[in-house]
Amino acid sequence: MINWMKKEDITWMPGLRPNEDGWIIMDGEQFVITDWHHFDDFGQTVETVRAKNLATRETIEVYSMDEGYSWHSELD
């Protein structure tokens with residue numbers, strides 16, 4: 001389960017074109033979304049997003065359990 005007590009500085013920015021998923025801004029760094037997986041079962045949703053920093057090539061994975069309103073970097 002996500003640790004809701006820890007507030008993380010993660011924001012989703014929508015894409016500019018219909019075929020783009022957008023960007024994840026995490027701690028001031030910009031990551032381009034490379035994969036977005038949505039799971040919905042019995043009223044519970046989970047968004048799993050993989051993103052890559054084009055400058056450093058670092059890849060991250062972030063999660064949302066409220067349809068993208070808040071994001072977290074780990075599931076407990």
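Before reading on, note that the structure itself is shown above.
Every value quoted in this text rests on a predicted model; they were computed, and no experiment measured them. (Residues numbered from 1 in each chain as written. Predicted model: local features only at pLDDT ≥ 70, side-chain atom pairs only at ≥ 80, totals over all residues. Heavy atoms only, no water.)

Draft legend 1. Summary view of the environment of Tyr-63. On the secondary structure map, Tyr-63 appears in strand S5 (residues 59-64). According to the relative accessible area criterion, Tyr-63 is buried, its value standing at 14%. C-alpha separation for the pair Tyr-63 and Val-46, spaced 17 residues apart in sequence, amounts to 6.9 Å. Side-chain polar atoms of Tyr-63 contact the side chain of Glu-61, separated by 2.4 Å. (Helix = DSSP H or I, 4+ residues; strand = E, 2+ residues; numbered from the N terminus. Buried < 20%, exposed > 50% of the residue type's maximum accessible area, 1.4 Å probe, protein only. Polar contact = N/O pair within 3.5 Å; in protein donor to acceptor, adjacent residues only side chain to side chain.)

Draft legend 2. Unusual backbone geometry, seen in detail. Residues other than glycine seldom take positive phi values, yet Arg-57 does so here, at roughly 65°. Mapping Arg-57 onto the fold places it in the loop between strand S4 (44-52) and S5. The exposure class assigned to Arg-57 is exposed, which follows from its relative accessible area of 56%.

Draft legend 3. Structural detail: the pairing of strand S3 (residues 29-41). Note that strand S2 (residues 23-26) and S3 share four bridges and pair antiparallel. Paired with Trp-23 across the strands is Val-32, a residue of S3. Linkage of S2 to S3, two consecutive antiparallel strands, is achieved through a turn of two residues, within which Asp-27 is found at a positive phi near 55°. Sheet topology note: the S3/S4 ladder contains nine bridges and is antiparallel. When the bridges of S4 are listed, Val-32 appears paired with Lys-52. From the end of S3 to the start of S4, which pair antiparallel, there are two residues, and Phe-42 there has a positive phi angle of about 55°. (Pairing = 2+ DSSP bridges.)

By themselves these figures say nothing about function.
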